[in-house]
Amino acid sequence: MKDDLMNKLMEEVMKKMNEVEDKETVPSASGVCGLTEFIGTARGNTIGLVIANVDKSLHEAMKIDPKYRSIGILSSRTGAGPQIFAADEAVKATNCEVVGVELSRDTEGGAGHGSLIIFGAEDVSDAKRAVEVALNDLNRTFGDVYANASGHLEFQYTARASFACNFALGAPIGKAFGIVVGAPAGIGVLMADASLKAANIELVGYASPDNGGTKYSNESMIFITGDAGAVRQALYAAREVGKQALEALGGPCPPATTPYI
């Protein structure tokens, strides 16, 4: 009797040990890669890569200015706004241009976008540096992304828009610029109205699931410019109503990192 009980106990112990070993052997992302083209990874399932000398046929197919033989690549599964605003800082800090911005319908099953951003540079060191700057800035630009299981809100701001925001979102270069994004799309519409009523700002653009190049994501968004203080005031107003609506739908929606606006 005791032997039978002991055997059963040992079988249970061995079973649990095997389960632990199985879990420990599941491959996980290391953030380390031996490829010379690899720069790093960051929040939002974002990977940074560089190609020193792009193949001629690929270069032509991508319609990149011939003077840019080197490219930096910022590619993500979750997020477009954070990556675009991070790329904007990268352009300011380096001798690069943004030569391509594409929004994928991805977000790992969520309501929004993934993204592909291409930097063009004459020198590979500039392309590499641009990707490094953008990857490092993503922790900041995710600060005003709020989410729960039912949707997300996003707010981005720059006091001086540069070429990435201009290329991707039509931002006036050198002026304060912000975006308001809400998912489900109805919350975005609500926030857009609140922000435009809250401050004396200019509406640069509007996008929704079937309008404005959002790849049929379940988001609506506006792009705004104006005096720096007014743009920030508009973003604050949008955030206040957006959080109330999204939390009523799906519960608490904490920021992804530390809010920066």
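Here, every reference points to the structure presented above.
Note that the structure is predicted; figures quoted are calculated from it, not measured. Each residue is numbered by its place in its chain's sequence as written, counting from 1. The model is predicted, so local features are restricted to residues of pLDDT at least 70 and side-chain atom pairs to those at 80 or more, both for listing and for counting; the totals for chains, interfaces and linings are taken over all residues. Just so you know, side-chain values use all the structure's heavy atoms and leave hydrogens and water out.

1. Thoughts on a nonpolar patch on the surface
(1) Moving on: On the surface, Val189, Leu196, Leu203 and Tyr206 cluster together into a nonpolar patch covering about 320 Å² of accessible area.
(2) Moving on: Elements that contribute at least two residues to the nonpolar patch include exactly helix 6 (185–198) and strand 9 (202–207).
(3) Moving on: Runs of E in the DSSP output that reach at least two residues are strands. Runs of H or I that reach at least four are helices, and both are numbered from the N terminus. Residue position: Leu203 is located in strand 9. Any residue with relative accessible area above 30% and no salt bridge may belong to a patch, with like charges joined within 9 Å and the nonpolar Val, Leu, Ile, Met, Phe, Trp and Tyr side chains within 5 Å. A 1.4 Å probe and the Shrake-Rupley method give the accessible areas. Residues count as covered only by the protein chains that appear here. The salt bridge criterion pairs a side-chain nitrogen of Lys or Arg with a carboxyl oxygen of Asp or Glu, the two atoms within 4 Å.

2. Things to note about the nonpolar core
(1) Moving on: Note on terminology: a nonpolar core comprises buried Ala, Val, Leu, Ile, Met, Phe, Trp, Tyr and Cys residues joined through side-chain atoms within 4.5 Å. Partly exposed residues are those whose accessible area sits between 20% and 50% of the maximum for their type, while under 20% is buried and over 50% is exposed, using a 1.4 Å probe and protein chains only. The biggest cluster of nonpolar side chains holds 34 residues, and the ones touching the most others in it are Ile117, Phe119, Cys165, Leu169, Phe177 and Ile179.
(2) Moving on: Among the elements that make up this core, the one with the highest residue count is helix 4 (residues 124–141) (7 residues).
(3) Moving on: In this view, Cys165 contacts Ile84, Phe85, Asp88, Gly170, Ala171 and Phe177; residues no more than four positions away in its chain are not counted.
(4) Moving on: In terms of nonpolar packing, the next biggest core, distinct from the first, is built from 22 residues, Ala192, Ala199, Leu246 and Ile261 among them. We call two residues in contact whenever any of their non-hydrogen atoms come within 4.5 Å of each other.

3. Brief notes about a negative patch on the surface
(1) Moving on: We count Lys and Arg on the positive side and Asp and Glu on the negative side, and we leave His and both chain ends out. A charge is said to be at NZ when it belongs to Lys, at CZ for Arg, at CG for Asp and at CD for Glu. A cluster of acidic residues, Asp65, Glu97, Glu122 and Asp123, forms a negative patch at the surface.
(2) Moving on: Relative to the elements of secondary structure, Glu97 occurs in strand 4 (residues 97–104).
(3) Moving on: The exposure class assigned to Glu97 is partly exposed, which follows from its relative accessible area of 38%.

4. With respect to the environment of Phe223
(1) Moving on: Tracing the backbone through its elements, the reader meets Phe223 in strand 10 (residues 220–226).
(2) Moving on: The spacing of Phe223 and Gly170 is 53 residues in sequence and 8.2 Å in space, taken between C-alpha atoms.
(3) Moving on: In this structure Phe223 touches Leu169, Phe177, Gly178, Ile179, Glu202, Leu203, Val204 and Gly205, once residues within four positions along its chain are discounted.

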